[in-house]
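A look at the structure
As a plain string of letters, each chain reads:
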Amino acid sequence: MRLCCIVTEANLQAGFYGRRLSRGSCMMNAFSWIFLAALAASVMVRLWLAWRQIQSVTVHRGQVPEAFAGKIPAEAHRRAADYTLSKTRQSRVELVYDSLLLLGWTLGGGLQWLDELWRAAGWGGINTGVAVMLSAFAIMALLELPFSLYHTFVIEARFGFNKTSPRTYFADLIKQALLLLALGAPLAWAALWLMQESGTLWWLYLWLLWSGFSLLMLWAYPAVIAPLFNRFTVLDNKQLKQRIQTLLDRCGFRSKGIYVMDGSRRSGHGNAYFTGMGRNKRIVFFDTLLESLEADEIEAVLAHELGHFKRKHVQKRIVVMMLGSLIGLALLGWLIQQPWFYHGLGVTQASNHLALMLFLMVSPVFTLFLQPLSAWFSRRHEFEADDYAAAQSSAADLVRALVKMYRENASTLTPDPLYSAFYDSHPPAPVRVAHLSTKLG
Ligand SMILES: [Zn+2]
């Protein structure tokens, strides 16, 4: 006997409902209403936050904040405001569109329809499940395409940031699709196999698989996946070489090098980041950022990234992510046995793959309150990395580098405090600069 703990089709038919509901018919239950209420609440909260952001940026558009007077020209400030407004307006439309799509997939019967389509092909259990999952992800990506195109070729282009040609853009899309197929298909197959064959504790085994996969991806990303999209070269700055080496030695960072990425192939935005783990850990500068920074400022930015390494921020993030996925999968282990979970979300035929899909699609609606928590943790890490940079390098140099980045990336200096507290992974510009200013020796 199979030990898997899903509700079979027979149970569903003879269970709470007693009759087979026809395709696409509405089968709302109490859970449907809870889902609808949660979705409506999350959409309203996010629209309200976007409205606040638009107000805050509009009101302060005409005046450069005092802390940045003389550092950011009035024209650059207005450009940053207009850019922020364009992006926030697009995000509002996208939010409503995404919510309607989610309703279409669930209560509208989209997933049920896709499932029946693949079942008719007669491939059998796990293969059907993989086909449903991959095709659902592909359709979702296609439906998001208009927004991505508008963002890149209209908004980014209007503000002079877009450097992507349609050719590069579509080559990226094809590479992403192939990656999804190469990595996603075996992962989905393994997950569905575990759910079917490994007994009541399948969710624990699936968690182990997922954690192993995430660690592998984190390790492989800098060396294997990122180079599929960009070229990385070792940072070779003669002025800085000795200082960089001293800094690296002092904080015990052993790596093959500090890298420069050809970000200018796609975008005018500049950034730097710390990624990977073990021997594959790297600090990466965008070429666009390096062009505008002086040697001292590069050193300060590097010290900030080393602060993330020194304070073990990647490891902490991994632990939180793993705990989160363990709780999520344990919850799914219970939900998968509840007929109301499927029926309440528009699915008549229970199956492992539909339980997974419904869970992946619907859980963000219920976990919206975690967003500000995760943003808060992330901002705390940024402060810690800034403190490290101030101690090991120079707070004044880091402030100068940040101001250049704010100006060149057209980042708003006047975000709404609540909007920023809810979403921002980095402290808003004025708070961050004020914090660093207290470290000026
Ligand atoms: Zn950082």
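Each remark here, short or long, concerns the structure printed above.
Criteria and thresholds
- Residues numbered from 1 in each chain as written.
- Predicted model: local features only at pLDDT ≥ 70, side-chain atom pairs only at ≥ 80, totals over all residues.
- Heavy atoms only, no water.
- Axes fitted to C-alpha atoms, helices over the stretch in contact; angles between N-to-C directions.
- Helix = DSSP H or I, 4+ residues; strand = E, 2+ residues; numbered from the N terminus.
- Parallel < 35°, antiparallel > 145°, perpendicular 65-115°, else oblique.
- Left-handed = near helix turned anticlockwise from the far one by under 90°.
- Contact = heavy atoms within 4.5 Å.
- Nonpolar A, V, L, I, M, F, W, Y, C, P; charged D, E, K, R; others polar.
- Patch = residues over 30% accessible without salt bridge, like charges linked within 9 Å, V, L, I, M, F, W, Y side chains within 5 Å.
- Areas by Shrake-Rupley, 256 points an atom, 1.4 Å probe, with all protein chains shown as cover.
- Salt bridge = Lys/Arg side-chain N within 4 Å of Asp/Glu carboxyl O.
- Lys, Arg positive; Asp, Glu negative; His and termini not counted.
- Charge placed at Lys NZ, Arg CZ, Asp CG, Glu CD.
- Buried < 20%, exposed > 50% of the residue type's maximum accessible area, 1.4 Å probe, protein only.
- Phe/Tyr/Trp six-rings, centres within 6.5 Å; stacked < 30°, edge-to-face > 60°.
- Lys NZ or Arg CZ within 6 Å of the ring centre and 35° of its normal.

Here we come to the packing of helix H6 (residues 166-197) against helix H13 (residues 352-366). Between H6 and H13, whose axes approach to 10 Å, the crossing angle comes to 120°. Considering their axes alone, H6 and H13 lie oblique with respect to each other. The crossing of H6 and H13 is right-handed. Each of Leu192, Met195 and Gln196 in H6 lies in contact with H13, whose residues at this interface are Asn352, His353 and Leu356. When its residues are assigned to classes, the contact of H6 with H13 shows 3 nonpolar, 3 polar and no charged.

With that settled, the discussion passes to a positive patch on the surface. A cluster of basic residues, Lys310, Arg311, Lys312, Lys316 and Arg380, forms a positive patch at the surface. Position of Arg380 among the secondary structure elements: in helix H14 (residues 370-392). Residue class for Arg380 comes out partly exposed when judged on its relative accessible area of 38%.

Summed over all chains, the structure comprises 20 aromatic pairs. Taken together, a centroid distance of 5.1 Å and an interplanar angle of 65° make the contact between Phe31 and Trp340 edge-to-face. Placement of Phe31 in helix H2 (residues 30-59) and of Trp340 in helix H12 (residues 339-343) is noted, with a sequence separation of 309 residues between them. Residue class for Phe31 comes out buried when judged on its relative accessible area of 13%. Relative accessible area serves as the criterion here: at 27%, Trp340 is assigned to the partly exposed category. Ring centres of Trp210 and Phe213 lie 5.9 Å apart, and the angle between their planes is 25°; this geometry places the pair in the stacked category. A residue pair is termed a helical-turn pair when its members lie 3 or 4 positions apart in one helix, as Trp210 and Phe213 do in helix H7 (residues 202-229) at 3 residues. Site record: aromatic cluster; members linked through ring pairs are Phe31, Trp334, Trp340, Phe341, Tyr342 and Phe366. Geometry around Phe253 places Lys281 over its ring, the cationic atom sitting 5.4 Å from the centre. Sitting over the face of the ring of Tyr259, Arg282 holds its NZ or CZ atom 4.1 Å from the ring centroid.

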